Amino acid sequence: MKFLIVFVALFALAVAAPATQETQVLRSESDVGVDHYSYGLETSDGTSKQEQGELKNVGTENEAIAVKGSFSFVAGDGQTYTVNYIADENGFQPQGAHLPVAPVA
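These numbers come from a predicted model, not from an experiment. (Residues numbered from 1 in each chain as written. Predicted model: local features only at pLDDT ≥ 70, side-chain atom pairs only at ≥ 80, totals over all residues. Heavy atoms only, no water.)

Asker: Which residues make up the environment of Glu89, and what are the values?
Answerer: In this structure, Glu89 sits in the loop between strand 5 (80-88) and strand 6 (91-95). Note on Glu89: relative accessible area 66%, which makes it exposed. The spacing of Glu89 and Lys56 is 33 residues in sequence and 10.0 Å in space, taken between C-alpha atoms. (Helix = DSSP H or I, 4+ residues; strand = E, 2+ residues; numbered from the N terminus. Buried < 20%, exposed > 50% of the residue type's maximum accessible area, 1.4 Å probe, protein only.)

Listed below in structure tokens is the structure:
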């Protein structure tokens, strides 16, 4: 009898579990060159990503890549959050309405 109760309880949990939905790629594009790249991606769950990178000071001691991009996603609260960023010789610099901002010195 105990086995039956445990089995029914586990079965009820399995049936009550939310169905997982497969995320599909809606858009995917990329361009990769010797001194630059870009890509974009959008999925059916509301996620999107875009990024462009460019090699700066080619052939010098200060050669580095500079990147600009953004990503968006739908959070558990149903709200879409977007982060825009730059990553270059000054480091990673994200900006978003939901991100805290350092006080002005």
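Asker: How would you summarise the packing of aromatic side chains if you had to cite specific residues and measurements?
Answerer: Within the structure shown, the criterion is met by 4 aromatic pairs. Relative to Tyr85, the ring of Phe71 has its centre 6.2 Å away and its plane inclined at 45 degrees; by these criteria the two rings are tilted. Of this pair, Phe71 sits in strand 4 (residues 64-74) while Tyr85 sits in strand 5, and the two are 14 residues apart along the sequence. Seen from their ring centres, Tyr85 and Phe92 are 5.5 Å apart, and the 40 degrees between their planes marks the pair as tilted. You can call Tyr85 buried: its relative accessible area is 11%. Judged by relative accessible area, Phe92 falls into the exposed class, the value being 53%. Taken together, the aromatic side chains of Phe71, Phe73, Tyr81, Tyr85 and Phe92 make up a single cluster linked through ring pairs. (Phe/Tyr/Trp six-rings, centres within 6.5 Å; stacked < 30°, edge-to-face > 60°.)

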